[in-house]
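# A look at the structure
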Amino acid sequence: MLPPKPKLNLIVAVSENMGIGKNGELPWRLKAELKHFATITKSTQSPEKKNAVLMGRKTWESIPTKFRPLKDRVNIVLTSNPNLISDESVCVCPNFNTALDLLDNMSDEIETCWVIGGSSIYAEALKLAQLDSLYITRIHKDYDCDTFFPVISSDWKLSTDPRLSPEIQEEEGVKYEYQVYTR
Ligand SMILES: NC(=O)c1ccc[n+]([C@@H]2O[C@H](COP(=O)([O-])OP(=O)(O)OC[C@H]3O[C@@H](n4cnc5c(N)ncnc54)[C@H](OP(=O)(O)O)[C@@H]3O)[C@@H](O)[C@H]2O)c1
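Here the structure is a predicted model, which means the values were calculated and not measured.

### Some thoughts on the pattern of salt bridges
Inspection of every chain in the model, using the stated rule, returns 7 salt bridges. One salt bridge in this structure joins D132 and K7, with 3.7 Å as the shortest N-O distance. Here K7 lies in strand 1 (residues 7-14) and D132 lies in strand 7 (residues 131-139), a separation of 125 residues in the sequence.

Take a look at the structure:
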């Protein structure tokens, strides 16, 4: 029997004013939130499989060099200029469809592909019928941002995941909560 195609999920941390980035970085420093990102994107049901993370070139560049590629995950980067990514372990793709084809060809090793940003990558993913779930960290604060999350259509409804704490989190005096949406 053929292995199931990798599931496609999206994960983002967003401010109250829908901001996700500023000057090529995250507008906030929330260590536990980053740990949550790592835990969720690494977690698989099958011990034999890994997950993938799919990102735009600027998001790749926003990851500190010592932390990239993101470990224990297949890193896929979209760019029109493959020469910009020198790391040989990274899968560099010229467009979204090539990345989706690559994922299908890796069905025996990849369980879930996490779309991890930035803006245009999120926008493309939100148009896909196969996008399964949105994992959104809602930060209860406005930040000065130059990069934003697209509008989320009303088809997406708040759902639950037992892995997500239902409590309001607080770090450095900033409150936030973990949400998941499905259709
Ligand atoms: N809060 C969060 O959860 C979160 C998550 C991710 C990122 N961020 C923040 O967001 C910012 C970066 O995001 P961004 O929106 O500016 O950039 P981005 O989406 O990460 O990267 C944009 C680049 O990706 C490539 N690209 C995009 N769509 C493509 C396609 N369909 N085919 C081929 N290449 C494609 C292009 O690269 P080339 O120009 O090389 O062709 C484009 O210039 C940073 O501030 C980062 O910290 C925040």
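Back to the write-up after that little detour.
### With respect to unusual backbone geometry
With omega at 0°, the peptide bond leading from R68 into P69 counts as cis. Structurally, P69 is set in the loop between helix 2 (57-62) and strand 4 (73-78). In the segment running from G117 into G118, the intervening peptide bond is cis, with an omega of 0°. Checked against the element boundaries, G118 lands in the loop between strand 6 (110-115) and helix 4 (119-126). Look at M18: it is not a glycine, yet its phi comes out positive at around 65°. On the accessibility criterion, M18 (23% relative accessible area) is partly exposed.

The rules behind the values
- Residues numbered from 1 in each chain as written.
- Predicted model: local features only at pLDDT ≥ 70, side-chain atom pairs only at ≥ 80, totals over all residues.
- Heavy atoms only, no water.
- Salt bridge = Lys/Arg side-chain N within 4 Å of Asp/Glu carboxyl O.
- Helix = DSSP H or I, 4+ residues; strand = E, 2+ residues; numbered from the N terminus.
- Buried < 20%, exposed > 50% of the residue type's maximum accessible area, 1.4 Å probe, protein only.

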